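A closer look at the structure
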Amino acid sequence: MKHEHLLEQMKSRMPEKRFVHTKGVASTAIELAKKYGEDVEKAEIAAILHDSVKYADKEWLRSIIVSEKMNPLLLNFNQELWHAPVGSYVAKTEFLITDQDILHAIEFHTTGRAGMSKLEKIIYVSDMIEPGRKFSGVDLLREKAKVDLEDAMTSCIKHSVSFLIEKKQPVFPDSFHCYNDLIQQRGTVNE
């Protein structure tokens, strides 16, 4: 890993299990970036920083969403979503990341969005399929990622939305917009 110094900083911000996850996302993102012709360094940075504030105080996360005038709709949804946009803010302000694609990849790694860049898709998919993930269907998602990034992304967002609906949880609008955008571009999901 080229950015060991960033990884070291993440180690103190999260439990060991999440740190192992972060390393898994980074290695997966590097692999996918190489396969799909994306900037490997950008993929590694985004992957390492994607969960930088996942364990931050919820009231602090809320205060950043409000003070930075982030999408106020976030506050009506599960706090699990908050770490992504606030993580993007921290990447910019604390880690001095200026690349908008990296910042967007961090910001939308939990919800997706319409019009995702290749890097954003790589981080979203990597977060879902990294080696430590164990859920029904993850192996199929991993296989799709080896063949077609667009198909993998479409299947990943479909899985996420379906999971939330099955659990009777609200789905953030960006996730629906992401799914609709991908389907309109590609047609149906290959199962």
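Summarised in this report is the structure supplied together with it. Model, not experiment: these values are computed from the prediction. (Residues numbered from 1 in each chain as written. Predicted model: local features only at pLDDT ≥ 70, side-chain atom pairs only at ≥ 80, totals over all residues. Heavy atoms only, no water.)

1. Thoughts on unusual backbone geometry
Only a minority of non-glycine residues have a phi that is not negative, and only a minority of peptide bonds are not trans. Positive phi, normally seen in glycine, also occurs at L96, with a value near 60°. For L96, a relative accessible area of 63% translates into the label exposed. (Buried < 20%, exposed > 50% of the residue type's maximum accessible area, 1.4 Å probe, protein only.)

2. Brief notes about the packing of helix α9 (residues 149-166) against helix α10 (residues 173-186)
Contact geometry for α9 and α10: axes closest at 10 Å, N-to-C directions at 145°. Viewed along their axes, α9 and α10 form a crossing whose handedness is left-handed. Here E150, D151, M153, T154, I157, K158 and V161 of α9 come into contact with α10, specifically with S175, F176, C178, Y179, L182, I183 and R186. When the residues that make up the contact of α9 with α10 are grouped by side-chain class, the tally is 8 nonpolar, 2 polar and 4 charged. (Axes fitted to C-alpha atoms, helices over the stretch in contact; angles between N-to-C directions. Helix = DSSP H or I, 4+ residues; strand = E, 2+ residues; numbered from the N terminus. Left-handed = near helix turned anticlockwise from the far one by under 90°. Contact = heavy atoms within 4.5 Å. Nonpolar A, V, L, I, M, F, W, Y, C, P; charged D, E, K, R; others polar.)

3. Some words on the layout of surface pockets
Empty pockets left among the atoms are what a rolling probe the size of a water molecule brings to light. In this structure, the largest pocket encloses a volume near 790 Å³. Forming the walls of the largest pocket are 24 residues, and the residues nearest its centre are E80, T110, M128, S160 and F163. With 4 residues, α9 is the largest single contributor of residues to the lining of the largest pocket. Its residues assigned to classes, the lining of the largest pocket comprises 9 nonpolar, 9 polar and 6 charged. (1 Å grid on protein atoms, 1.4 Å probe; cavity = no way out; pocket = protein on both sides within 12 Å on 5 of 7 lines; lining within 4 Å. Points joined across faces, edges and corners; volume = space filled by probe spheres on them.)

4. A short note on the packing of aromatic side chains
A full pass over the atoms with the stated rule returns 1 aromatic pair. Residues F77 and F172 carry aromatic rings whose centres are separated by 5.0 Å and whose planes lie at 80° to one another, so their mutual orientation is edge-to-face. Within this pair, whereas F77 is found in the loop between α4 (58-67) and α5 (83-93), its partner F172 is found in the loop between α9 and α10, the two being separated by 95 residues in sequence. Here the guanidinium or amino end of K35 rests over the ring plane of Y36, the centre of that ring lying 5.5 Å away. (Phe/Tyr/Trp six-rings, centres within 6.5 Å; stacked < 30°, edge-to-face > 60°. Lys NZ or Arg CZ within 6 Å of the ring centre and 35° of its normal.)

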